[in-house]
Amino acid sequence: MGLQLALNTARSSLLATSSQIAASARNVAGASDPAYSRKIATLVTGEGTARVVVTRATDAALFARKLAAASDAASGSARLDGLRTLAQTIGDAADKTSPAGRLGAFNAALQAAANQPDNADLARAAIDRARELASGLNEAAQAVQAVRTDADTALSASVSKVNDLLGQFDTANRAVMRGLAAGADVTDALDDRDRILGSLAEEVGISTVERAGGDMAIYTDGGVPLFERGARSVVLNPATATTPATVVIDGVAVTGADAPMPLESGRIAGLAALRDEPAAQYGAQLDAIAGALVDAFREGGGASGLTAKAGLFTVTADGSLPAGTANLAALIAVNAAADPQKGGDAALLRDGGLNGAAYRQNPAGGDAAYPDRLNALTAALSATRSLGAGTEIAATTSLADFAAASAGWLEGQRKDASAKADYQATLLTRASTALSNAVGVNGDDETALTLQLERSYTASAKILTIVDEMLRTLMEAVR
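Residues numbered from 1 in each chain as written. Predicted model: local features only at pLDDT ≥ 70, side-chain atom pairs only at ≥ 80, totals over all residues. Heavy atoms only, no water.

Comments concerning the sheet that holds strand 6 (residues 234–237)
Note the following rule: In this description, strands pair whenever DSSP reports at least two bridges between them. The secondary structure listing takes helices from DSSP runs of H or I that are at least 4 residues long and strands from runs of E that are at least 2 residues long, numbered from the N terminus.
If you walk across this open sheet you meet the 3 strands as 6-7-8, and the pairing is antiparallel. Sheet topology places strand 6 and strand 8 (252–253) at the edges, where each strand pairs with a single neighbour. Judged from the 4 bridges that link them, strand 6 and strand 7 (residues 246–249) form a sheet pairing that is antiparallel. Paired with V234 across the bridge in strand 7 is I249.

Concerning the packing of helix 3 (residues 99–115) against helix 10 (residues 372–382)
Note the threshold: Only C-alpha atoms enter the line fits that serve as axes; for helices the fit covers just the stretch in contact. Angles between N-to-C directions range over 0 to 180 degrees. Every angle not falling under 35 degrees, over 145, or within 65 to 115 is termed oblique; those three ranges are roughly parallel, roughly antiparallel and roughly perpendicular. Helix crossings are classified by the rotation of the near helix relative to the far one: an anticlockwise turn of less than a right angle makes the crossing left-handed, while a clockwise turn makes it right-handed. Any two residues whose heavy atoms approach within 4.5 Å are treated as being in contact. By the convention adopted, Pro, Cys, Tyr, Trp, Phe, Met, Ile, Leu, Val and Ala count as nonpolar, Lys, Arg, Asp and Glu as charged, and the other residues, Gly among them, as polar.
At a closest axis distance of 9 Å, the pairing of helix 3 and helix 10 adopts a crossing angle of 155°. Put simply, helix 3 runs roughly antiparallel to helix 10. Crossing angle aside, the handedness with which helix 3 passes helix 10 is left-handed. For the pair helix 3 and helix 10, contact is made by L103, F106, N107, L110, Q111, A113 and A114 and by L374, N375, L377, T378, L381 and S382, respectively. Along the lines of polarity and charge, the residues of the contact of helix 3 with helix 10 split into 8 nonpolar, 5 polar and no charged.

Describing the side chain of D194
Counting through the fold element by element, D194 comes out in helix 5 (residues 187–203). The contact partners of D194, leaving out residues within four places of it in the chain, are R56 and F63.

Comments concerning unusual backbone geometry
The cut-off we apply is this: To sort residues, take the accessible area from a 1.4 Å probe on protein chains only and compare it with the maximum for the residue type: under 20% means buried, over 50% means exposed, and anything in between is partly exposed.
Positive phi outside glycine occurs at D250, with the angle close to 55°. Residue placement: D250 occurs in the loop between strand 7 and strand 8. Residue classification places D250 among the partly exposed residues on the basis of a relative accessible area of 31%. Phi at N327 is positive, roughly 65°, even though this residue is not glycine. With respect to the secondary-structure elements, N327 resides in the loop between strand 9 (313–314) and helix 8 (328–331).

This is the structure we're talking about:
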């Protein structure tokens, strides 16, 4: 081997080994970053030269599985968080603070008052339990509204985040395309792009399509384009009188009952589902309870010839009966005419006449032991009635059974969401671990590789030293 060839070979070896050591150092530095993929420095030789080509470890199938798992986990977590908030309104079905528990307490107090209609303390106790029941329904309705409002607020934040991530993806995608066109190392840009995809998948279920030149397109799991030669518009259309706020991507609604290409996963899908399904259903159940209470205690109507008006429970200022069923739980209150705390007379619960003397049922003499109306109210409260239309609970049942079924339904929803969320979180952990094992950095392996490369570097440096000494000896001999 000539000295010149030996010199060139040693120099190429030094440069190649130096690049490999640099790649290994990058791996060690990125080992703690979950979005970092191991860089592989491959030595390519030919025509008397050696160069290093840097690629990165990838596994498209595992990465796609991780994205899907991240979307499912985010969706399940959003749904579970809201259901946990709603579940706080019921606690245990037998708990006195739950609507079912307060209804039971009111029923017991009403029966006690019916058994001793001349006992003013029992009448006041029944009014107190009625006030607590109305207050409990108000609080539960407020919790439902808060969950739905919070979901809309979170949807708005998610839409903003998606738009920001799409802008970042555009920048990273262009960097990949430019780098590949110039023959540069684009492995870091590819890591950035994957990192953005991971964050995007938490908000929206996505799938990706790679194209020539390093370009990538992104679609929702419902098939709507999110990024295709550029970021697509993602907006939150405000709510109307009949429809909730709707997320629209590239002009296509992806949330709501009428969405043609709905999202299946991601935080946005979970928030929209929480707002439009269990929260809305539970709100309807509370309204059904409130409506049944108003109906059970109304005055007049039927054969009386008097206009039917709200009795002990009312949802309107003038005592008129509600025309619809919406928001009754948020509005229900004890009629001020019978509420001692508002200057009312608790005896009207026994006698009737909350809407004026014409509605009074106790004989004109004012019989203190008059039991008929209290017994009728007790029977009306326990009667089987049409309830629950559109609420996923049996339509014909007693009010007490309906309230208990509502609590059980909500708890069932929470337990189901909790089990699914735990499963999805476990699946995400396993998918992330599998991907990390396939493309991540093993510190021990990198340390061993670095030591091996350092020995190779030392050997090449020694060859250079020997060649240098031989050339110096040759030059001295020539002189």
